[in-house]
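Overview (structure and organization)
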Amino acid sequence: MDETVVETRGLIKTYGRVEAVRGIDLAVHRGEVFGFLGPNGAGKSTTISILCTLLSPTAGQALVAGYDVTRQPGAVRARIGLVFQDPSLDDQLTARENLEFHAFLYNVPRAERRRRIDGVLEMVELTERAGSLVRTFSGGMKRRLEIARGIVHYPEVLFLDEPTIGLDPQTRNRIWEYLHALRRREEITIFMTTHYMDEAEQCDRIAIIDHGQIIAQGTPEELKAGVGGDVVTVTTRNPALAADEIRRAFELEPAVDGSNLRLEVADGASFVPRLVRDLTVPVSAVTLSRPTLDHVFLKLTGKAIRDEEVDQKDAMRMMHQRWARRR
Ligand SMILES: Nc1ncnc2c1ncn2[C@@H]1O[C@H](COP(=O)(O)OP(=O)(O)OP(=O)(O)O)[C@@H](O)[C@H]1O
Ligand SMILES: [Mg+2]
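Residue indices begin from 1 for each chain and proceed along its sequence in written order. Note on labels: chains are lettered from A, ligands numbered from 1, in written order. Restriction of local features to residues with pLDDT of at least 70 applies here, the model being predicted, together with a cutoff of 80 or more for giving and counting side-chain atom pairs; totals for whole chains, interfaces and linings are based on all residues. Excluding hydrogens and water, the side-chain values take into account all heavy atoms of the structure.

**A few points about the overall build of the protein chain**
For clarity, the threshold we go by: Secondary structure elements follow DSSP: runs of H or I no shorter than four residues count as helices, runs of E no shorter than two count as strands, and numbering proceeds from the N terminus. Remark: exposure states derive from per-residue accessible area (1.4 Å probe, protein chains only) relative to the maximum for the residue type, with buried under 20%, exposed over 50%, and partly exposed in between. Throughout, a contact is declared for two residues whenever any of their heavy atoms are within 4.5 Å. Here the accessible surface of atoms and residues is derived via Shrake-Rupley with a 1.4 Å probe, and residues count as covered only by protein chains that are part of the display. The convention is simple: Lys and Arg are positive, Asp and Glu are negative, and His and the chain ends are not counted. By convention, the point assigned to a charge is CZ for Arg, NZ for Lys, CD for Glu and CG for Asp.
Scanning the protein chain for helices and strands turns up twelve helices and 14 strands. Considering only C-alpha atoms, the protein chain reaches an extent of 75 × 40 × 40 Å along its principal axes. Sorting the 327 residues of the protein chain into buried and exposed places 48% on the buried side. The long-range fraction of contacts in the protein chain, counting pairs at least 24 apart against all pairs at least 6 apart in sequence, stands at 72%. Accessible surface computed for the protein chain: about 16100 Å², of which carbon and sulfur atoms make up 50%. Between the averaged position of the 44 positive side-chain charges in the protein chain and that of its 47 negative side-chain charges there is a distance of 6 Å.

In structure tokens form, the structure reads like this:
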């Protein structure tokens, strides 16, 4: 049996009349990377904040490393690391000073401190910049330093709320390399939220949350297998008419996404020729693919994982950070 390190039972959080979290049951195993995936406002940050003892639940129970977040918050805090959506480094200190302060707060023994700090700095490739003020760092460097800080006290569970939001793909890949290396080295359990599908793919298990409830759970493979068969995407100038024809000719219900129609079929290779033969609407492209987490997500929530709204939100966040840096 896998040992459970994060567990919630019937977790509920309401803000006034807003039901942000509506009865969540989770069990995260020691050493796994667990991904919490959901559209904007689904309740991801609220759940993670409760697990980190930053918010108290309205009802239900949550245990982290065997301690109750409501009754034993101190014990929970001592065993976790956090990297949150909004940056929280001290810009006026150097990278090393930020880590030293954090290690001190977490009672890392003085004799150990230097060795651990050197270790995490090396891991996120900031050794050379250890003595520089954080305000001179790029966004990617800050994120890496935040991750270093999240782990310098060797937490049992590392909570990451959209750790790579707004970063370029290269930096995101690097951060993932650190996380995997970290996990191999220290049996740390990682609990993270993300909007990025490629990140979700890196997780051992995923829970998809929508409107405060978990609507699916499993390994990426299991979730994709749940879509069943192949995904056929048809691009056409007249999606409404094409959808109508497909409904009538094949008794399938296409998901319409702009000028694309998405269909799930058992055997794509034999379906596509029939489709092209029977449609009277001009088609500009047909693609055949295996289901991805994007398809899973779209099917379950009716939304794309990354929508324009999210991209805009990212852009706003970055702008705000830049503006705050300049002041
Ligand atoms: N302090 C608050 N007061 C009132 N409502 C809140 C508060 N914080 C969050 N909410 C609401 O609770 C719901 C869940 O928010 P939460 O931040 O947990 O979502 P999320 O999944 O993290 O979204 P995002 O992807 O945008 O980060 C939303 O409807 C949000 O508006
Ligand atoms: Mg959030």
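**With respect to helix 4 (residues 110-123)**
Since one α-helical turn is 3.6 residues long, residues separated by three or four positions face the same way. Cut-off, in case you're wondering: Take the number of residues in a helix, subtract one, and multiply by 1.5 Å to get its expected span. The arc refers to the directions leading from the helix axis to the C-beta atoms.
Helix length check: helix 4, at 14 residues, gives a terminal C-alpha distance of 20 Å against a target of 20 Å (1.5 Å per residue), a fit within 8%. When helix 4 is considered as a whole, its buried residues turn out to be Arg113, Arg116, Ile117, Val120, Leu121 and Met123. Along the long axis of helix 4, the arc covered by the buried residues comes to 150°, so they all point the same way. Exposed residues pointing more than 90 degrees away from the buried face of helix 4 are listed as Ala111, Arg114, Arg115 and Glu122. Two residues or fewer past helix 4, Glu125 is found with a positive phi of approximately 55°.

**Notes on the packing of helix 5 (residues 139-151) against helix 6 (residues 169-185)**
We count it as follows: To obtain each axis, a line is fitted to C-alpha atoms, and for helices this fit is confined to the stretch in contact; angles are then taken between N-to-C directions over 0 to 180 degrees. An angle below 35 degrees is read as roughly parallel, one above 145 as roughly antiparallel, one from 65 to 115 as roughly perpendicular, and any other as oblique. With the far helix as reference, a near helix turned anticlockwise by less than a right angle produces a left-handed crossing, and one turned clockwise produces a right-handed crossing. Only Asp, Glu, Lys and Arg are considered charged in this grouping, and only Ala, Val, Leu, Ile, Met, Phe, Trp, Tyr, Cys and Pro are considered nonpolar; every other residue, Gly among them, is considered polar.
Running from N to C, helix 5 and helix 6 point in directions that differ by 15°, and their axes come no closer than 10 Å. Considering their axes alone, helix 5 and helix 6 lie roughly parallel with respect to each other. Between helix 5 and helix 6 lies a crossing whose hand is right-handed. Packed against helix 5, whose contacting residues are Gly140, Arg143, Arg144, Ile147 and Ile151, the element helix 6 presents Thr171, Arg174, Ile175, Tyr178, Leu179 and Leu182 at the interface. Broken down by class, the residue content of the contact of helix 5 with helix 6 amounts to six nonpolar, two polar and three charged.

**Thoughts on the packing of aromatic side chains**
Selection criterion: Pairing of aromatic rings covers Phe, Tyr and the six-membered ring of Trp, with a centre-to-centre limit of 6.5 Å; geometry is then stacked below 30 degrees between planes, edge-to-face above 60, and tilted otherwise. By the criterion adopted, a ring carries a charge over it if an Arg CZ or a Lys NZ lies within 6 Å of its centre and within 35 degrees of its normal.
With the rule as written, the count across this model stands at four aromatic pairs. With a centroid separation of 5.5 Å and an interplanar angle of 50°, the aromatic rings of Phe159 and Phe191 are classed as tilted. On the criterion of sequence distance, the pair formed by Phe159 in strand 7 (residues 157-161) and Phe191 in strand 8 (residues 189-194) is long-range, its members being 32 residues apart. Judged by its relative accessible area of 0%, Phe159 is buried. Above the face of the Tyr154 ring, Arg116 is positioned so that its terminal group lies 3.9 Å from the ring centre. Taking the ring centre of Tyr196 as reference, the NZ or CZ of Arg172 above it sits at 3.5 Å.

**Details of the pattern of salt bridges**
Stated precisely, the cut-off is as follows: Any carboxyl oxygen of Asp or Glu that lies within 4 Å of a side-chain nitrogen of Lys or Arg is treated as forming a salt bridge with it.
In this structure the tally under the stated criterion is 24 salt bridges. The closest approach of N and O atoms between Arg9 and Glu7, which form a salt bridge, is 3.4 Å. In this structure Glu7 comes out as partly exposed when scored by relative accessible area, which is 26%. For Arg71, the salt bridge is made with Asp68, and the minimal N-O distance between the two is 3.1 Å. Classification of Asp68 as buried rests on a relative accessible area of 5%. Put simply, Glu3, Arg30, Arg79 and Glu156 are held in one network by salt bridges that share partners.

**Focus: the domain arrangement of the protein chain**
As a reminder, the rule being used: Where each domain starts and ends follows an automatic or database-derived domain assignment.
Taken domain by domain, the protein chain consists of domain 1 (4-219 + 306-326) and domain 2 (229-290). Here the C-alpha centre of domain 2 lies 40 Å away from the C-alpha centre of domain 1.

**Comments concerning the sheet that holds strand 6 (residues 80-83)**
Consider a sheet: its strands pair through backbone hydrogen bonds, and that pairing is either parallel or antiparallel. To be explicit about the condition: Only strands that DSSP links by at least two bridges are regarded as paired with each other.
Within the open sheet, the six strands sit side by side as 6-7-8-3-9-10. Their pairing is mixed. Looking along the sheet, the strands with just one partner apiece sit at the ends: strand 6 and strand 10 (213-218). Strand-to-strand twist of the sheet, defined as the mean angle between neighbouring strand axes without regard to direction, takes the value 15°. Relative to strand 8, strand 7 runs parallel, the two being bridged by five bridges. Within strand 8, the residue paired with Leu160 across the bridge is Met192. Its contacts with the sheet place helix 1 (residues 44-51) against strand 3 (33-37), strand 7, strand 8 and strand 9 (205-210), and it is angled at close to 150° to strand 7.

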